[in-house]
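# Summary of the model geometry
Take a look at the letters that make up each chain.
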Amino acid sequence: MEEINNSPIRFETNPYHNIVLKDRKILEITGVKQIDSFDSNEFLMETAQGWLVVEGKELTLGKLDTERGDVSIRGLVENMSYISNKKSGARESVFSKLFK
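No experiment lies behind these values; they were computed from the predicted model shown.

## Quick word on the overall build of the protein
Looking only at helices and strands, the protein has one helix and seven strands in total. Each helix (α) and strand (β) of the protein, taken in turn from the N terminus, gives the series β-β-β-β-β-β-β-α. Counting only residues that meet the buried cut, the protein has 37% of its 100 residues in that class. Excluding contacts between residues fewer than 6 apart, the proportion of contacts in the protein whose partners are at least 24 apart in sequence is 50%. Accessible surface, the protein: about 6,400 Å² in total, of which carbon and sulfur atoms supply 49%.

## Describing the packing of aromatic side chains
Here the distance between the centres and the angle between the planes together describe a pair of aromatic rings. According to the stated counting rule, one finds one aromatic pair in the structure shown. Judged by centre distance (5.0 Å) and plane angle (15 degrees), the rings of F38 and F43 are stacked. Exposure class is identical for F38 and F43. Each is buried.

## Some remarks on the pattern of salt bridges
Evaluation of the coordinates by the stated rule reveals three salt bridges. Notably, a salt bridge pairs E28 with K22, separated by 3.2 Å at the nearest N-O pair. Owing to a relative accessible area of 39%, K22 belongs among the partly exposed residues under this scheme.

## Observations regarding unusual backbone geometry
Although it is not a glycine, D23 adopts a positive phi angle of roughly 55 degrees. By secondary structure assignment, the location of D23 is in the loop between β2 (18-22) and β3 (26-30). When its relative accessible area of 68% is taken as the criterion, D23 is described as exposed. Unusually for a residue other than glycine, E58 sits at a positive phi of about 55 degrees. Residue position: E58 is located in strand β6 (residues 50-65).

## Section: the pairing of β2
Pairing between β2 and β3: five bridges, direction antiparallel. Counted as the bridge partner of I19 is I29 from β3. If you look at the hairpin formed by β2 and β3, you'll find three residues sitting between the two strands, and D23 has a positive phi there, around 55 degrees.

## Quick look at a nonpolar patch on the surface
There is a patch of nonpolar side chains on the surface, built from I19, L21, M80 and Y82 and spanning about 320 Å² of accessible area. Where the nonpolar patch is concerned, the elements lending two or more residues are β2 and β7 (70-83). If you trace the backbone, Y82 turns up in strand β7. For Y82, a relative accessible area of 44% corresponds to the partly exposed category.

About the thresholds
- Residues numbered from 1 in each chain as written.
- Predicted model: local features only at pLDDT ≥ 70, side-chain atom pairs only at ≥ 80, totals over all residues.
- Heavy atoms only, no water.
- Helix = DSSP H or I, 4+ residues; strand = E, 2+ residues; numbered from the N terminus.
- Buried < 20%, exposed > 50% of the residue type's maximum accessible area, 1.4 Å probe, protein only.
- Contact = heavy atoms within 4.5 Å.
- Areas by Shrake-Rupley, 256 points an atom, 1.4 Å probe, with all protein chains shown as cover.
- Phe/Tyr/Trp six-rings, centres within 6.5 Å; stacked < 30°, edge-to-face > 60°.
- Salt bridge = Lys/Arg side-chain N within 4 Å of Asp/Glu carboxyl O.
- Pairing = 2+ DSSP bridges.
- Patch = residues over 30% accessible without salt bridge, like charges linked within 9 Å, V, L, I, M, F, W, Y side chains within 5 Å.

Here is the structure:
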């Protein structure tokens with residue numbers, strides 16, 4: 001059964017934002033302000049540079065450092081994208097890609 005978390009996790013962060021992807025299996029992100037929602041297929045988080053959507057398969061939260069704003073995600077990373085509007089952008093972007 002998939003784990004779904006719809007409560008945002010907010011924490012302090014540094015103003016710098018970096019992404020390191022290792023073999024498409026480990027994603028390390030700095031400058032995360034909050035994790036809005038996540039499940040095994042998608043993470044939605046606010047970073048110092050905007051809203052970031054990470055999509056993949058069997059995604060899990062590996063490390064969470066709320067003092068520094070560091071997040072590690074494990075699983076198969078298939079897509080990362082920044083969105084301008086978290087309310088509609090994440091869901092609409094997937095559907096808009098399908099129907100183009």
